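Here's the letter readout for the chains.
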Amino acid sequence: MASAGSSKSNTIVKCCCCHDLCWNFDKDIVRCSCCQRIYHKSCYYPTLLNVDTSFICIMCEDIKKYSKNVQNINISFGSMKKKIITRILMELYCKSENIELVKECPNPQMHPMYYKKISQPMSLGNIRRFLEQNRYDKVKYVIWDLSKIFGNVMIYLSPSDPYYKIANELNDYLFKMVEKWLPNLEL
Ligand SMILES: [Zn+2]
Ligand SMILES: [Zn+2]
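Predicted model, so just to flag it, every value in this text is computed and none were measured.

### Some words on the nonpolar core
Next, step 1: Of all hydrophobic cores here, the largest spans 38 residues; its most connected members are Y39, L89, L92 and V102.
Next, step 2: Looking at this core, the elements with two or more residues in it are β3 (29-31), α2 (79-95), α3 (100-103), α5 (124-132), α6 (139-156) and α7 (162-181).
Next, step 3: Per-element tally for this core: the top contributor is α6, with eight residues.

Spelled out as structure tokens, the structure:
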């Protein structure tokens, strides 16, 4: 933490996606010029390469305007829908600090039971990689996979586990966003 007398430039900040602490002068971070959120360039989706100080994050964009322009929600995967999906993904990363179980699938050596209980492991990391590889041809498949992440956590853990509650809340939040930004989506 910045001590008395140290320059203001040495401040500990937190990445909104991975929720790890980092220095504000770290070359791997970027700050949104609008909301001032901090992101690791590699945590942001899509990964940021060349950004300048005028960078404005997807969390600051008016998603309703893309939502209004989406035609035929159940067909193909155009740029408007990609914007909406990007926002949904980033909202889920940013929503809770306790996203360890949803960020990446657990290590199979450390958590063998997870793989015994869960037939289709899924994580936010998997989904962003699938999106980068253009493996989704329909928006609904992304939403299914996102919901599968939280469903898996709820199968794996008992309802008394605090992470169960978090997964449940994230799932509710997902469908609130779908209702708001993809109202005509048939799931
Ligand atoms: Zn990060
Ligand atoms: Zn922002």
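### Overview of the packing of α2 against α5
Next, step 1: Between α2 and α5, the least distance of the axes is 11 Å, while the angle of their chain directions is 160 degrees. As the angle between them shows, α2 and α5 are arranged roughly antiparallel. Regarding α2 and α5, the two cross each other, and that crossing is left-handed. Seen from α2, the contacting residues are L89, L92 and Y93; seen from α5, they are L124, I127 and R128.

### Focus on the UniProt feature "domain: Bromo" (unreviewed entry) in the protein
Next, step 1: UniProt's feature table lists "domain: Bromo" (unreviewed entry) at residues 106-164, given in the numbering used throughout.
Next, step 2: Across residues 106-164 one finds 61% helix and 0% strand; the C-alpha atoms that close the span lie 15 Å apart.

### Comments concerning the environment of L182
Next, step 1: Tracing the backbone shows L182 in the segment after α7.
Next, step 2: In contact with L182, not counting residues within four places along its chain, are S67, I73, I84 and V139.

### Some details on the environment of Y39
Next, step 1: Tracing the backbone shows Y39 in strand β4 (residues 38-40).
Next, step 2: For Y39 and I12, which are 27 residues apart along the polypeptide, the C-alpha to C-alpha distance reads 13 Å.

### Focus: unusual backbone geometry
Next, step 1: A cis geometry characterises the amide bond from Y45 onward to P46, with omega recorded as -5 degrees.
Next, step 2: As for its position among the elements, P46 is in the loop between β4 and α1 (63-69).
Next, step 3: Even without a glycine there, the phi angle at N134 is positive, about 55 degrees.
Next, step 4: Note on placement: N134 falls in the loop between α5 and α6.
Next, step 5: Assessed through the 9 C-beta atoms surrounding it within 10 Å, N134 is described here as exposed.

### Concerning the packing of α6 against α7
Next, step 1: Contact geometry for α6 and α7: axes closest at 8 Å, N-to-C directions at 160 degrees. By the angle class used here, α6 and α7 are roughly antiparallel. Of the two possible hands of crossing, α6 and α7 adopt the one that is left-handed. For the pair α6 and α7, contact is made by I143, L146, S147, F150, V153 and M154 and by Y163, Y164, A167, N168, L170, N171, L174 and V178, respectively.
Next, step 2: The residue inventory of the contact of α6 with α7, partitioned by class, reads 11 nonpolar, three polar and no charged.

Definitions and cut-offs
- Residues numbered from 1 in each chain as written.
- Chains lettered and ligands numbered in written order.
- Predicted model: local features only at pLDDT ≥ 70, side-chain atom pairs only at ≥ 80, totals over all residues.
- Core = buried A, V, L, I, M, F, W, Y, C linked by C-beta atoms within 7 Å.
- Buried ≥ 20, exposed ≤ 12 C-beta atoms within 10 Å, placed from the backbone.
- Helix = DSSP H or I, 4+ residues; strand = E, 2+ residues; numbered from the N terminus.
- Axes fitted to C-alpha atoms, helices over the stretch in contact; angles between N-to-C directions.
- Parallel < 35°, antiparallel > 145°, perpendicular 65-115°, else oblique.
- Left-handed = near helix turned anticlockwise from the far one by under 90°.
- Contact = placed C-beta atoms within 7 Å.
- UniProt positions renumbered as here; feature names shortened; annotations may be inferred.
- Nonpolar A, V, L, I, M, F, W, Y, C, P; charged D, E, K, R; others polar.

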